[in-house]
Amino acid sequence: PSFVLAHNDLGAIYWQRGEWQKAIEHLERALKLDPDNKDVIWNLGQIMLQLGQAEDAYEVYQNYLKRHPDDPEIKQTIRQLKRAGSQR
């Protein structure tokens with residue numbers, strides 16, 4: 001489990017430095033180790049949104065929500081993505 005946190009932290013550091021690809025790689029590794037870690041889900045989705053990959057972010061959030069249907073923060077984010085998508 002500590003590797004999940006290490007990869008998440010490295011992903012966040014690379015994200016802050018603008019090294020998007022390295023950030024995504026570490027977050028995806030963390031996600032493989034713990035697909036239910038909300039911090040990892042959130043960070044990965046936010047990077048994807050910043051890169052203009054709204055559909056990928058939506059998929060990441062939606063997969064998490066399937067397993068955790070009562071998560072209010074992720075539900076709200078999905079609603080916002082749906083609204084933004086319908087305004088295009």
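In this numbering scheme, every chain counts its residues from 1 along its sequence in written order. Totals for whole chains, interfaces and linings use every residue, but because this is a predicted model, local features are given only for residues with pLDDT of at least 70 and side-chain atom pairs only at 80 or more, for both listing and counting. Side-chain figures throughout are based on the complete set of non-hydrogen atoms in the structure, without hydrogens or water.

With that out of the way, let us pick up helix α1 (residues 2–16). A run of H or I in DSSP counts as a helix once it spans at least four residues, and a run of E counts as a strand once it spans at least two, with each numbered from the N terminus. Expected helix span is computed as 1.5 Å times (number of residues minus one). With 15 residues, α1 ought to run about 21 Å at 1.5 Å a step, and its terminal C-alpha atoms sit 21 Å apart, in line with that. Working definition: with a 1.4 Å probe on protein chains only, accessible area under 20% of the residue-type maximum means buried, over 50% means exposed, and in between means partly exposed. Those residues of α1 that fall on the buried side of the exposure criterion are V4, H7, N8, G11, Y14 and W15. End-on, the buried residues of α1 take up no more than an arc of 130 degrees, which puts them together on one face. What points out from α1, more than 90 degrees from its buried face, is the exposed set S2 and Q16. Residue contacts are counted whenever heavy atoms from the two residues lie within 4.5 Å of one another. In this structure, the buried residues of α1 make contact with α2 (20–33) and α3 (38–50). Within two residues after α1, G18 carries a phi angle of roughly 80 degrees, on the positive side. By definition, the arc is the one covered by directions from the helix axis to the C-beta atoms.

Turning to the packing of aromatic side chains, a few remarks are in order. Here a Phe, Tyr or Trp ring, Trp counted by its six-membered ring, pairs with any other such ring whose centre lies within 6.5 Å, and the pair is stacked when the planes are under 30 degrees apart, edge-to-face when over 60, and tilted otherwise. The tally for this structure, following the rule as stated, stands at one aromatic pair. An angle of 40 degrees between the planes, with centres 5.7 Å apart, marks the rings of W42 and Y61 as tilted. With W42 in helix α3 and Y61 in helix α4 (residues 54–67), this pair connects stretches of sequence that are 19 residues apart. Its relative accessible area of 26% is what places W42 among the partly exposed residues.

Scope: geometric values only; no functional claims are made or implied.
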